[in-house]
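# Structure at a glance
What follows is each chain in one-letter form.
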Amino acid sequence: TCFYTYVAPALLRMSGVPLTRLGRLALTERQSKKATITAFLKGRMEGNAVTILSGQESNVLRSFAEADCLVRLEEGRETFEKGEEVEVRMLTAI
């Protein structure tokens, strides 16, 4: 996740490749996290919505293989409701 958040954009920028696209999609289910952190979670886009994948731990490769985006859940909140729009960064193959 850190690679796609920090390293990949830097490499793309240095290579002259357009950065990954950002957008906003609705959550397909309620999501909770610690309020003190910004979370970048692996997700899968489904039309105008996004599903947060299970297996968010860094040692779980299945969710990386299935993910086509990272979902940003901002600091200062614990709960994000089903249907709420969140920031989504589409992943680019590098």
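Residues numbered from 1 in each chain as written. Predicted model: local features only at pLDDT ≥ 70, side-chain atom pairs only at ≥ 80, totals over all residues. Heavy atoms only, no water.

## Observations regarding the overall build of the protein
Helix and strand counts for the protein come out as two helices and seven strands. When the elements of the protein are put in sequence order from the N terminus, they spell out α-β-β-β-β-α-β-β-β. Buried residues in the protein amount to 33% of all 94 residues. For the protein, the computed accessible surface area is about 5,800 Å², with 54% contributed by carbon and sulfur atoms. (Helix = DSSP H or I, 4+ residues; strand = E, 2+ residues; numbered from the N terminus. Buried < 20%, exposed > 50% of the residue type's maximum accessible area, 1.4 Å probe, protein only. Areas by Shrake-Rupley, 256 points an atom, 1.4 Å probe, with all protein chains shown as cover.)

## Here we look at the sheet that holds strand β1 (residues 22–27)
Sheet strands pair via backbone hydrogen bonds, and the direction of the pair is either parallel or antiparallel. Spatially, β1-β4-β3-β5-β7 is the arrangement adopted by the five strands of the closed barrel, whose pairing is mixed. Between one strand axis and the next, the sheet turns by 55° as a mean value, whatever way the strands run. Sheet topology places β1 next to strand β7 (residues 85–90); five bridges connect them, and they run antiparallel. What sits directly across from L22, in β7, is R89. (Pairing = 2+ DSSP bridges. Axes fitted to C-alpha atoms, helices over the stretch in contact; angles between N-to-C directions.)

## Looking at the nonpolar core
With twelve residues, the main nonpolar core is built from L25, L27, A39, L41, V50, I52, C69, V71, L73, F80, V86 and V88. Not counting chain neighbours up to four residues away, the residues in contact with L73 comprise Q31, K33, I37, T38, A39, L41, F80 and V86. (Core = buried A, V, L, I, M, F, W, Y, C linked by side-chain atoms within 4.5 Å. Contact = heavy atoms within 4.5 Å.)

## Digging into the confidence of the model for the protein
Per-residue pLDDT for the protein has a mean of 87; in total, 87% of the residues score no lower than 70. Confidence scores differ between elements of the protein, with helix α1 (residues 2–15) showing the lowest mean pLDDT of 72 and strand β6 (residues 79–80) the highest of 98. (pLDDT = per-residue confidence, 0-100.)

## Examining the pattern of salt bridges
Should their charged atoms come close, side chains of opposite charge can pair. Evaluated as defined, the whole model comprises five salt bridges. Across the pair R77 and E74 runs a salt bridge whose closest N-O atoms are separated by 3.5 Å. Measuring nitrogen to oxygen at the nearest pair gives 2.6 Å for the salt bridge that ties E84 to R77. Residues participating in the shared-partner salt-bridge network are E74, R77 and E84. (Salt bridge = Lys/Arg side-chain N within 4 Å of Asp/Glu carboxyl O.)

## Observations concerning the environment of V50
Along the chain, V50 turns up in strand β4 (residues 49–52). Taking C-alpha positions, V50 is 8.6 Å from C69, a pair spaced 19 residues apart along the chain. Ignoring sequence-local partners within four residues, the contact set of V50 consists of L25, A26, L27, T28, G43, R44, M45, C69, V71, V86 and V88.

## Structural notes on the pairing of strand β3 (residues 39–46)
Two elements, β3 and strand β5 (residues 69–73), share five bridges in a ladder whose sense is antiparallel. Bridge pairing in β5 links K42 to L70. Summarising the sheet, β3 and β4 pair through four bridges and their orientation is antiparallel. By the bridge assignment for β4, M45 is matched with V50. Counted between consecutive antiparallel strands, the loop separating β3 from β4 contains two residues, among which G47 sits at a positive phi close to 70°.

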